[in-house]
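Structural overview for review
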Amino acid sequence: MATALRRLAKCSVSARLLSFAGHSRGRRGHFARPCTVVAQRNFSSASTMTVDLDSSTGIAVMKLHSPPVNSLSLDFLTEIAISLEKLEMNKGCRGVVVTSALPKIFSAGLDILEMYGKSPERCGEFWRAVQEMWLKFYSSRLVTVAAINGSSPAGGCLLSMTCDYRIMADNPRYSIGLNETQLGIVAPFWFKDTMVNTVGHRTAEIALQLGLLYSPQDALKIGMVDELVPEEKLVSTATEAMARWFAIPDHARQITKSAMRKPTIDKLLSARETDISNFVSFITKDSIQKSLKLYLENLRKKKA
Ligand SMILES: CCCCCCCC/C=C\C/C=C/C(=O)SCCNC(=O)CCNC(=O)[C@H](O)C(C)(C)COP(=O)(O)OP(=O)(O)OC[C@H]1O[C@@H](n2cnc3c(N)ncnc32)[C@H](O)[C@@H]1OP(=O)(O)O
C-alpha cells in the first residue's frame, strides 16, 4: 500500500507547479481514486491521520496521528503529501489546518530511525519523500495554517514553516525550532531558506548554528509563529484566521504566494538529485551515524 502511494506521489510531481495560480482545474485524472468529500466526513484512508473537510466552509482539518511522536517516516511523509494532493484537487477545498491528534507533540521531526543504519538506497528514497512533502506544502494553492499543539523540533518546525500562518498553543513546556546541529547534522539549504523566509537572515543564522529550540513566547517574538492562544482554542482560532485569507480573491492570493515562494522552490527543483546524493553521502558517513546513535541513546536514556 505504502509503495503504491509512493509511486502515485512520484507521478504527481509534474502537476504540482500547475496548482499555483489557480491552474488546478481538471487535474482529477491524475489520481486513480478521485476524492469525493462529503461535509464533515473523514475521507482519509490512512490510519496515521484524519482529514475532515467541511464543505460548507471549504476548510479541511488534517490531524496527524502517528504515535508516539508523529515522527516523519517515509510512509508517513508519503501519506501526508498524498492527503494534501487530494485536497488540492478538490475544488470545494480552499484551506487546510494542520495539527496533531497526539497530546503534547505536533511532530518530533524526521524519523531518526530512517536515517540511522539504513542502506544508501533507502536513505535516498526517504529524502525524496522529505523533499516531496516540503514541495507540496510550500507550493500549495490552498491557504495552509499550522495549529501547533505541542513540541515541534526540526522537521516538525519545517512542516509548520511551509504553512502560510502559524498559531501555537501558549504552553511553556512546548518548543519549536530547527535543532539539527544539536544532533550533529546540518539543516539542508532549503530548510535554511524556509527559515530565512520566515524569521529573516540574522535570526536564522543564530537559530540554525546554535540549533535553538524556542518556547512559544520566544518563537512569537522572533516571528517563527504568528499567534499564541490557549490550547483549547487552537483549532477554532485557526479556522477563524482562515477567514481573513479567504476574504482575498484566491487568484490574487495564489499568484502572490507563488511570487514570494517560487525562487526558493525552483532552487530545490533544479538541484533535487544533487540534494539527494549530498544527503545520502552525508548521512551514511561513520561520524554522522555515530552522532545519530548517541542522540538516539540519549533520547532513550532520558526516559529511563
Ligand atoms: C553538507 C550538507 C549536506 C546536507 C545534509 C543534510 C542532512 C540533514 C539531515 C536531516 C535533517 C533532520 C531533520 C530532523 O527532523 S531530525 C529529528 C529531530 N528531532 C528531534 O531532535 C526530536 C527528538 N525528540 C524529542 O525531543 C522528544 O522525543 C519529544 C520532545 C518530541 C517528545 O518527548 P517525549 O514526549 O518525552 O517522548 P520521548 O522522548 O520519550 O519519545 C518517545 C519515543 O519516540 C522516540 N522518538 C522521539 N523523537 C523521535 C524522532 N525524531 N525519530 C524517531 N524516534 C523518535 C523516542 O526515542 C522514544 O522512543 P522509545 O524510547 O523507543 O519509546
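Residues numbered from 1 in each chain as written. Predicted model: local features only at pLDDT ≥ 70, side-chain atom pairs only at ≥ 80, totals over all residues.

Applied cut-off: UniProt positions are given in the numbering used here, feature names are shortened, and annotations may be inferred rather than shown by experiment.
The name given to the chain in an unreviewed UniProt entry is Enoyl-CoA delta isomerase 1, mitochondrial, and the organism recorded there is Paramormyrops kingsleyae. In its Pathway (unreviewed entry) section, the UniProt entry covering the chain states "Lipid metabolism; fatty acid beta-oxidation." We quote the UniProt Function (unreviewed entry) comment for the chain here in full: "Key enzyme of fatty acid beta-oxidation. Able to isomerize both 3-cis (3Z) and 3-trans (3E) double bonds into the 2-trans (2E) form in a range of enoyl-CoA species, with a preference for (3Z)-enoyl-CoAs over (3E)-enoyl-CoAs. The catalytic efficiency of this enzyme is not affected by the fatty acyl chain length."

1. Here's the deal with the site of the ligand
Let me state the cut-off plainly: Nearness is defined per residue: the C-beta atom, placed using the backbone, must lie within 6 Å of the molecule or strand. A run of H or I in DSSP counts as a helix once it spans at least four residues, and a run of E counts as a strand once it spans at least two, with each numbered from the N terminus. Residues were grouped as follows: Ala, Val, Leu, Ile, Met, Phe, Trp, Tyr, Cys and Pro as nonpolar; Asp, Glu, Lys and Arg as charged; and all remaining residues, including Gly, as polar.
Near the ligand you find 29 residues, and of these Ala108, Gly109, Leu110, Ala154 and Gly155 are the closest. For the shell around the ligand, the secondary structure elements donating two or more residues are helix 11 (272-283) and helix 12 (286-303). Among the residues forming the shell around the ligand, the class breakdown is 17 nonpolar, six polar and six charged.

2. Overview of the pairing of strand 4 (residues 95-100)
Regular strands place side chains that alternate from one sheet face to the opposite one. Counted only if it meets this: Field definition: a residue is buried when 20 or more other C-beta atoms are found within 10 Å of its C-beta, exposed when 12 or fewer are, and partly exposed for counts in between, with C-beta atoms placed from the backbone. In this analysis, strands are considered paired if DSSP registers two or more bridges between them. Looking down the strands as they point away from the viewer, one classifies a crossover as right-handed if the path from the first strand across the helix to the second runs clockwise.
The buried fraction of strand 4 is high, at six of six residues. Of the two faces of strand 4, the one carrying Gly95, Val97 and Thr99 and the one carrying Val96, Val98 and Ser100 are both buried. Here strand 3 (residues 59-64) runs beside strand 4; their pairing, made up of six bridges, is parallel. When the bridges of strand 4 are listed, Lys63 appears paired with Thr99. In this fold, strand 3 hands off to helix 3 (residues 74-89), which returns the chain to strand 4; that crossover is right-handed. In the sheet, strand 4 pairs with strand 5 (residues 143-148) via four bridges, with the strands oriented parallel. Paired with Val97 across the strands is Val145, a residue of strand 5. Handedness of the crossover joining strand 4 and strand 5 through helix 4 (residues 120-138) is recorded here as right-handed.

3. Considering the nonpolar core
For clarity, the threshold we go by: We call a set of buried Ala, Val, Leu, Ile, Met, Phe, Trp, Tyr and Cys residues a nonpolar core when their C-beta atoms link them within 7 Å. What counts as a contact is two residues whose backbone-derived C-beta atoms lie within 7 Å of each other.
If you look at the biggest cluster of nonpolar residues, it comprises 76 residues, and the most contacted ones within it are Val145 and Ile167. The residues touching Ile167, leaving out its near neighbours within four places in the chain, are Val145, Ala147, Ile148, Val225, Asp226, Glu227, Val229, Leu234, Thr237, Ala238 and Ala241.

4. Points about the environment of His65
Mapped onto the elements of the fold, His65 is located in the loop between strand 3 and helix 3. Judged by local crowding, His65 falls into the partly exposed class, with 15 C-beta atoms found within 10 Å. When residues no more than four places from it in sequence are discounted, the contact partners of His65 are Thr48, Met49, Thr50, Ala101 and Leu102.

5. With respect to the confidence of the model for the chain
In plain terms, the rule: Known as pLDDT, the predictor's confidence for each residue is given on a scale from 0 to 100.
Of all residues in the chain, 84% have pLDDT values of 70 or greater, and the mean over the chain is 88. Ignoring residues within four places in sequence, the model shows residues 1-41, a span with pLDDT below 50, making 61 contacts including any to other chains. Scored by ipTM, the complex comes to 0.98, with pTM at 0.90.

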